[in-house]
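Letter by letter, the chains look like this.
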Amino acid sequence: MRAIPVESDCVVEERKRASLGKLPFLLPMVLVILFYLTILALTFADYPPLSMLALVITPEVRHAIFLSLTTATASSGIALALGVPTAYYLARNQFPGKALVDALLDIPIFLSPIAVGALLLVAFSSDAGRWTQARVGEVIFETPGIIIAQATIVTALAVRLMKGTFESIPARYEKVARSLGCTEWMAFRKIVLPLSKNGLIASAILVWARAVGEFGATVMLAGATERKTATIPTAIYLGFASADITRALTLVAILTLISLVTLVCLRRIAGRTLEL
């Protein structure tokens, strides 16, 4: 018969001490999770999720979902098109006033979205803004206003995320490529972009999710008109304002589901690559 290994008292005692040492870190996490679960349980106790399914097919809810997904996709595309080259330039170059430029690009992240929306509204209401709208298209209280408001907020986020990604890639790879005859653009396209693929995809997902949840700047510039400029967050606000709690919570549940799916995808794709 094989002898069954018996752990010594020292090993058992060491494991107990290790377990007790984790409690100061484990308990706060448990409290936070319990708080979130309690909020969800109390919220949906009187409004069962199954009773909300019928509201998903209503025109107002379907329009809010469609508008949020399409405008977020458009604004994310703009943010990445502007943010990726900007982030690369900041990550690879030193120039006078860089700290000031860096700070200016971060303003939409730290400034309240309501304040950003107010600045956009005043700018497009000025003489130059009205002249632009007369020749390009209406922005205030229209769908393009949603895209502009979202893009203003998430472009700063795209720059910050991609700058960190590019800074994590050693610059010597590009120097070697350029010594072999590559131009700066070729080195960026053939060396940097492939190496930053995970960070780029993760940034795109995070930027898109932030655009879907944008409310403050959007409601200031585009307004809150049902079946016109009401995105999911705006429709939630309108639902509570009109005491239609069930519809508002239906949209909250949809936005929560989008957030969960986004976070799961983000972690599967980026892993530890993307650090905020």
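The following paragraphs examine the structure supplied in this document.

So, how was this worked out
Residues numbered from 1 in each chain as written. Predicted model: local features only at pLDDT ≥ 70, side-chain atom pairs only at ≥ 80, totals over all residues. Heavy atoms only, no water. Salt bridge = Lys/Arg side-chain N within 4 Å of Asp/Glu carboxyl O. Helix = DSSP H or I, 4+ residues; strand = E, 2+ residues; numbered from the N terminus. Buried < 20%, exposed > 50% of the residue type's maximum accessible area, 1.4 Å probe, protein only. Axes fitted to C-alpha atoms, helices over the stretch in contact; angles between N-to-C directions. Parallel < 35°, antiparallel > 145°, perpendicular 65-115°, else oblique. Left-handed = near helix turned anticlockwise from the far one by under 90°. Contact = heavy atoms within 4.5 Å. Polar contact = N/O pair within 3.5 Å; in protein donor to acceptor, adjacent residues only side chain to side chain. Expected span 1.5 Å × (residues − 1).

**Observations regarding the pattern of salt bridges**
A side chain of one charge can pair with a side chain of the opposite charge when the charged atoms of the two come close.
Phase 1 of the analysis: On inspection of all chains with the given rule, the structure shows 11 salt bridges.
Phase 2 of the analysis: Between Asp106 and Arg160 there is a salt bridge whose closest N-O contact spans 2.8 Å. One end of the pair, Asp106, is in helix α4 (residues 98-110); the other, Arg160, is in helix α7 (residues 143-167), and 54 residues separate them in sequence.
Phase 3 of the analysis: Accessibility expressed as a relative area gives 26% for Arg160, which makes it partly exposed.
Phase 4 of the analysis: Residue Asp244 is joined to Arg247 by a salt bridge in which the shortest nitrogen-to-oxygen separation is 3.7 Å.

**Topic: the packing of helix α8 (residues 172-179) against helix α9 (residues 184-195)**
Phase 1 of the analysis: The contact between α8 and α9 brings their axes to 9 Å, and the two run at 140°. Of the possible angle classes, the one that applies to α8 and α9 is oblique. Two packed elements cross with a definite hand, and for α8 against α9 that hand is right-handed. Within the contact between the two elements, α8 uses Tyr173, Glu174, Ala177 and Arg178 and α9 uses Glu184, Ala187, Ile191, Val192 and Leu195.

**Focus: the side chain of Asp102**
Phase 1 of the analysis: Here Asp102 lies in helix α4.
Phase 2 of the analysis: Relative accessible area serves as the criterion here: at 16%, Asp102 is assigned to the buried category.
Phase 3 of the analysis: Discounting chain neighbours no more than four positions away, the residues touching Asp102 are Leu90, Arg160 and Lys163.

**Quick look at the side chain of Gln150**
Phase 1 of the analysis: Along the chain, Gln150 turns up in helix α7.
Phase 2 of the analysis: Of the polar contacts made by the side chain of Gln150, one reaches the backbone oxygen of Ala211; its length is 3.2 Å.
Phase 3 of the analysis: Every residue in contact with Gln150, bar those within four places of it in the chain, is listed here: Thr71, Ala72, Ser75, Ala211, Glu214, Thr218 and Thr231.

**What to know about the environment of Ala149**
Phase 1 of the analysis: You can see Ala149 is positioned in helix α7.
Phase 2 of the analysis: As for Ala149 and Leu121, which are separated by 28 residues in sequence, their C-alpha atoms are 9.5 Å apart.
Phase 3 of the analysis: Not counting chain neighbours up to four residues away, the residues in contact with Ala149 comprise Leu120, Ala217, Thr218 and Leu221.

**Here's the deal with helix α10 (residues 197-212)**
Phase 1 of the analysis: In this model α10 runs 23 Å from its N-terminal to its C-terminal C-alpha over 16 residues, within 8% of the 22 Å that 1.5 Å per residue would give.
Phase 2 of the analysis: Taken as a whole, α10 has its buried residues at Gly199, Ala202, Ser203, Ile205, Leu206, Val207, Ala211 and Val212.

**Description of unusual backbone geometry**
Phase 1 of the analysis: Even without glycine at this site, Arg227 takes up a positive phi of about 60°.
Phase 2 of the analysis: Inspection of the secondary structure puts Arg227 in the loop between α11 (216-222) and α12 (232-241).
Phase 3 of the analysis: On the basis of relative accessibility, which here comes to 52%, the residue Arg227 falls in the exposed class.

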